[in-house]
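# Summary of structural features
Now for the letters of each chain:
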Amino acid sequence: MNILELLKQATPSPEPMATGEWATLAFRPDLGSQQEFIIGVAAAIKGERKPFVRWLPSLSKLCSLYGDAISGSETKELLRGSEIALTGSTHSSFSKVDSGTPHVRVVPCGYFATNDVEFELDELLKRQSGFLWDERGTRESPMDDDWAYSLMINALSEVQLPRDVFLPARSIFLGGKTLKVALDNSLSYGNIVSARYSQFQTVERHIFKSLRQVMSAHKFSGRHALPALFVVLPEQGTPLESLLSKRSSDLLFEIEDMGAIQFCDPNPIEVAKKIEAWAGI
């Protein structure tokens, strides 16, 4: 078989959910010295008004070199001001960005592509900061779309569904494209989304990306039933709920005006029940 035949049979990889540019944030505690430390990373994502910024969760190891002043209120205020300057001057490139302080230097690092911006930035920060990374200060595993999907699989593993609605590898090939679609009840396609990211812009991007994928699947397959989104909202009584739940719910109501149906709940078990009911339609 020749190369052209192989290429014709190859299944295209799905496009990453987010693309753009990333940069490291180098901190110089002493302006009289050339010594710098990578204490943060940032990503400017296409289509986003503001960049994503990640700082080290702890400056404890830097304190051992420079003393308590590094962890003081002045340093924290400096980094906070630098982040405000970054979000105000960055659009889609870090080439001419101003950090707002001579203590922080923005170093462009090139192309950035991922399905989970926050997780990827944490991984980049871990690698770039070297010995400054403090495992004791690391964040918990992200409650992202993969987490939500796994929860639904586990919750419904012992339920006798009318049909197997979970698509292999959460993808389907239609219209010459590989689409990220998780569910198929033979009448409609659906996706499972988490609204438990730490920033609303991440929630918004994942919801719209998932919606575009299922709506494209309907377009290419000629299905007339409405596409569906199943969304796990922030847990009740948590700081994340007060920050995100209202805005996420308002966004989901907007989605219904765009020609889709949505099922959401802060309790993953309730979301799984909605998938079970949808599977029997």
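Described in the following lines is the structure provided in the data block. (Residues numbered from 1 in each chain as written. Predicted model: local features only at pLDDT ≥ 70, side-chain atom pairs only at ≥ 80, totals over all residues. Heavy atoms only, no water.)

### Description of the sheet that holds strand β10 (residues 261–265)
Paired through backbone hydrogen bonds, the strands of a sheet run either parallel or antiparallel to each other. Definition in use: Two strands are counted as paired when DSSP detects at least two bridges linking them. Secondary structure is summarised from DSSP: a helix means a run of H or I of at least four residues, a strand means a run of E of at least two, and numbering begins at the N terminus for each. By the convention used here, residues are in contact when the closest approach between their heavy atoms is within 4.5 Å. Axes here mean lines fitted to C-alpha atoms, for a helix over just the part in contact, with angles spanning 0 to 180 degrees between N-to-C directions.
Taken together, four strands build an open sheet; the order of strands is β7-β8-β9-β10 and the sheet is mixed. Two strands lie at the open edges of the sheet, namely β7 (183–184) and β10, each paired on one side alone. In the sheet, strand β9 (residues 228–232) pairs with β10 via five bridges, with the strands oriented parallel. Paired with V231 across the two strands is C264, which belongs to β10. Each of β8 (189–194) and β9 touches helix α5 (residues 145–156); the most contacted strand, β8, lies at about 115 degrees to it.

### Thoughts on the pattern of salt bridges
We apply this condition: Here, a salt bridge means any side-chain nitrogen of Lys or Arg that lies within 4 Å of a carboxyl oxygen of Asp or Glu. Exposure classes here rest on a 1.4 Å probe applied to the protein chains alone. A residue is buried below 20% of its type maximum, exposed above 50%, and partly exposed in between.
Overall, the coordinates contain eight salt bridges when judged by the stated rule. Between D146 and R170 there is a salt bridge; the shortest N-O distance is 2.5 Å. With D146 in helix α5 and R170 in the loop between α5 and β5 (172–174), this pair connects stretches of sequence that are 24 residues apart. Two residues, E270 and K273, come together in a salt bridge whose shortest N-O distance is 3.5 Å. Here K273 and E270 lie together in helix α8 (residues 268–279), a separation of three residues that amounts to about one turn. According to the relative accessible area criterion, E270 is partly exposed, its value standing at 30%. For K273, a relative accessible area of 46% translates into the label partly exposed. Each of R28, E36 and R105 takes part in a single network of salt bridges with overlapping partners.

### A short note on the packing of aromatic side chains
In plain terms, the rule: Think of it this way: a Phe, Tyr or Trp ring, Trp meaning its six-membered ring, pairs with another when their centres are within 6.5 Å, and the plane angle makes it stacked under 30 degrees, edge-to-face over 60, tilted otherwise. In this scheme, the term charge over a ring applies when either NZ of a lysine or CZ of an arginine sits within 6 Å of the ring centre and within 35 degrees of the ring normal.
For the structure on display, the rule yields three aromatic pairs. An angle of 80 degrees between the planes, with centres 5.9 Å apart, marks the rings of Y149 and F166 as edge-to-face. With Y149 in helix α5 and F166 in the loop between α5 and β5, this residue pair connects regions lying 17 residues apart in the sequence. Here the aromatic cluster, defined as three or more aromatic residues joined through ring pairs, consists of F230, F263 and W278. Here R170 stacks its cationic end above the ring of Y149, 4.3 Å away from the centre of that ring.

### A word on the nonpolar core
In plain terms, the rule: By convention a nonpolar core is built from buried Ala, Val, Leu, Ile, Met, Phe, Trp, Tyr and Cys residues, the set being connected through side-chain atoms within 4.5 Å.
Within the largest apolar cluster, 31 residues are counted, with the highest numbers of intra-cluster contacts made by I39, F112 and L121. Counting only elements with at least two residues in this core, the list comes to β1 (18–27), β2 (37–45), β3 (52–55), α3 (73–89), β4 (104–114) and α4 (117–129). Top element by residues in this core is β2. It accounts for seven residues. Apart from residues lying up to four places away in sequence, L121 is in contact with V41, A42, A43, F52, R54 and F112.

### A word on the sheet that holds β2
Spatially, β3-β2-β1-β4 is the arrangement adopted by the four strands of the open sheet, whose pairing is antiparallel. The open sheet has two free edges, formed respectively by β3 and β4, since each of these has just one partner strand. Averaged over all adjacent pairs, the angle separating strand axes in this sheet is 20 degrees, with direction ignored. With 10 bridges connecting them, β1 and β4 associate as antiparallel partners. Counterpart to W22 in the pairing with β4 is G110. This element, α4, spans β1, β2, β3 and β4 of the sheet and lies at about 150 degrees to β2.

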